[in-house]
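# Remarks on the overall topology
These are the residues of each chain, in order.
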Amino acid sequence: MLDVGLAEELAQDALVAALEQWPESGIPDKPGAWLMGTAKHRAIDLLRRRKRLELKYEEMGHELLGVEHEISEREFEAVIDDDVGDDLLRLIFTACHPVLSTEARVALTLRLLGGLTTEEIARAFLVSEPAVAQRIVRAKRALHEAHVPFEVPQGAELAARLSSVLEVIYLIFNEGYAATAGDDWLRPALCEDALRLGRILAELTPTEPEVHGLVALMEIQASRTRARIGRTGNPVLLLDQDRGRWDQLLIRRGLAALERAEQFGGGLGPYALQAAIAACHAGARTAAETDWARIAALYDALAHLAPSPVVELNRAVAHGMAFGPAAGLELVDALTAEPSLATYQYLPSVRGDLLAKLARFDEARVEFERAATLTLNARQRDLLLERAAQCDVSSTRLT
Amino acid sequence: MRFMILIKASKESEAGVLPSEQLLTEMGQFNEELVKAGVMLAGEGLQPSSKGARVKFAGAKRTVVDGPFAETKELIAGFWLWQVKSMDEALAWVKRIPNPTGEQGEVEIRQVFEADDFGANLTPEARRREERLRSQAAAGR
């Protein structure tokens, strides 16, 4: 009989072998199947070695205890050849294991599951290639040292581990969708990678509503990709976008995924709630038709479920749109002392927008200028400085 | 990147012959694989051209021509929209499209324009940064 421990150890070995080998040989077509193939070869090696050892013992006249260790290759395959999807799932959970830093999880996931080269990862995250390579080496070592089992977590552990996986996928998506640094506003390839991973995960774990929620969120956000870039590569904000350029196929896919998330009953999770918000925008034919009261209510629910200063800031925007800029400003002002938002450019830019709507242009200009100093994205900075300049014009018109 | 996969029509598809159960089953499995691999965005089969029409444009004139149309091999009987990493991956999937009867056919693969196909979105700043990264990499940093 083959014990599970041995199978696990072999799979673990295969992962390490994969981590070592793939950088040189490139990602195989089916990483999951390849991994299990490797595990199988290792097992056969091990069994042969054990057999030789037994023969030696025999020669030496020792009594044999492990005769039942004779396992044919076919029997072994039956044990180790799970569903191919299972290997992939194990790989996702291992690459996104909480013992790793977020950066390491992202790099490992893109490398192993997204099929990106270290050079591509380096370019996407604006770090040097050796830094990415080192991140991957360290991650590999950390997994090894922590004896992380190569498996899909079960029971209570699953929820926490799944949220780590979803976080990594969404981080990758966001890095593509709203590049935090550099001159390119969008890096669509990262969005595509994240979307594909999300779609695969949804097929592998069809009963997890938040997986569908995340897929819905990404599909709907990705539907706006074309409309988010202006003619000169400048960013176009949601409410100014030409909705005719939104990708209706992705919107439909997003709405279908949201429906799947909702069909489980119970309240919506944080990703599904954000998807529901995105769906509100997607369903409005013009910006003026946006159901801001519903969006405000969804943000209230999100703030209750997953409170964070950033959610609170978005809630303020929604309340400002639904119930007037004064209502929004009240919520924003409660955030100005929030230390985690001290260098967050959206706080002053949202505050500036609300102040401008209340015709408090001098205060608004200061906020836009402050936001411009905080952003690392050159295109975003231009947009903010332009708004600051508009405040000057508006304010002289008033006086 | 996205590709549109165009399945060309055959004498049977134009005659409105429904696919055999075997083909339906194999196609179903293939579609499932596509979905599981996160490749499939959309896909539909098309009715024969006898149920279609063409509109010819000439200046301000519009002329409607009802199907069927003669040039069977140029007609389209179905399509997929796929999201893949490369043309190679698209080709690999296309080669696996089931064809249980072994009949002759043709499938055309066309890349879809994407937002980043505007080409030179590498601004001088971005190019400089990339050069900087390269030199850091060369310095073994």
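Residues numbered from 1 in each chain as written. Chains lettered and ligands numbered in written order. Predicted model: local features only at pLDDT ≥ 70, side-chain atom pairs only at ≥ 80, totals over all residues.

## Here we look at helix α11 (residues 248-262) of chain A
Given a rise of 1.5 Å per residue, 15 residues ought to cover 21 Å, and the 21 Å separating the end C-alpha atoms of α11 of chain A matches this to within 8%. On the buried face of α11 of chain A, the contacting elements are α10 (209-222) and α12 (270-283) of chain A. (Helix = DSSP H or I, 4+ residues; strand = E, 2+ residues; numbered from the N terminus. Expected span 1.5 Å × (residues − 1). Contact = placed C-beta atoms within 7 Å.)

## Looking at the pairing of strand β5 (residues 76-83) of chain B
All names here are of chain B. Here strand β1 (residues 2-8) runs beside β5; their pairing, made up of 7 bridges, is antiparallel. Within β5, the position partnered with M4 by the bridge is L81. In the sheet, strand β2 (residues 40-45) pairs with β5 via 5 bridges, with the strands oriented antiparallel. Opposite E44, over in β5, you have F79 as the bridge partner. (Pairing = 2+ DSSP bridges.)

## Comments concerning the domain arrangement of chain A
As far as domains go, chain A holds domain 1 (165-290) and domain 2 (343-399). Between the C-alpha centres of domain 1 of chain A and domain 2 of chain A the distance comes to 27 Å. (Domains from an automatic or database assignment.)

## Let's talk about the nonpolar core
In a soluble, globular protein the nonpolar side chains are often hidden away together inside. Within the largest apolar cluster, 90 residues are counted, with the highest numbers of intra-cluster contacts made by I92 and A275 of chain A. Listed in part, the 9 residues of the second largest apolar core include V39, W80, W82 and A90 of chain B. (Core = buried A, V, L, I, M, F, W, Y, C linked by C-beta atoms within 7 Å. Buried ≥ 20, exposed ≤ 12 C-beta atoms within 10 Å, placed from the backbone.)

## Some points on the confidence of the model for chain A
Residues and elements named next belong to chain A. Averaged over all residues, the pLDDT of chain A is 79; the fraction at 70 or higher stands at 75%. In this model, residues 19-27 is a region of pLDDT below 50 whose contacts with residues beyond four sequence positions or in other chains number 4 contacts. Within the model, the stretch residues 60-83 combines pLDDT values under 50 with 24 contacts to residues more than four positions away or in other chains. (pLDDT = per-residue confidence, 0-100.)

## A closer look at the packing of helix α8 (residues 156-177) of chain A against helix α9 (residues 188-204) of chain A
All names here are of chain A. In contact at an axis separation of 7 Å, α8 and α9 are set at 155° when each is read in the N-to-C sense. In this view, α8 runs roughly antiparallel relative to α9, as classed from their interaxial angle. Where α8 crosses over α9, the handedness of that crossing is left-handed. Residue-level inspection shows I169, I172, F173, E175, G176 and Y177 of α8 in contact with α9, the latter providing P188, A189, L190, C191, D193, A194, L195, L197 and G198. (Axes fitted to C-alpha atoms, helices over the stretch in contact; angles between N-to-C directions. Parallel < 35°, antiparallel > 145°, perpendicular 65-115°, else oblique. Left-handed = near helix turned anticlockwise from the far one by under 90°.)

## Here we look at the confidence of the model for chain B
All names here are of chain B. Across chain B, pLDDT averages 83, with 81% of residues at or above 70. The low-confidence segment residues 118-124, where pLDDT is below 50, has 5 contacts with residues more than four positions distant or belonging to other chains. Predicted as a complex, the structure gets a pTM of 0.73 and an ipTM equal to 0.72.

## Thoughts on unusual backbone geometry
Put simply, G67 of chain B and P68 of chain B share a cis peptide bond, and its omega is 0°. In this structure, H147 of chain A takes a positive phi of about 50° despite not being glycine. You can see H147 of chain A is positioned in the loop between α7 (129-145) and α8. Positive phi outside glycine occurs at A359 of chain A, with the angle close to 65°. Note that A359 of chain A resides in the loop between α16 (346-357) and α17 (361-374). Among the residues examined, A359 of chain A registers 11 C-beta atoms within 10 Å and is labelled exposed.

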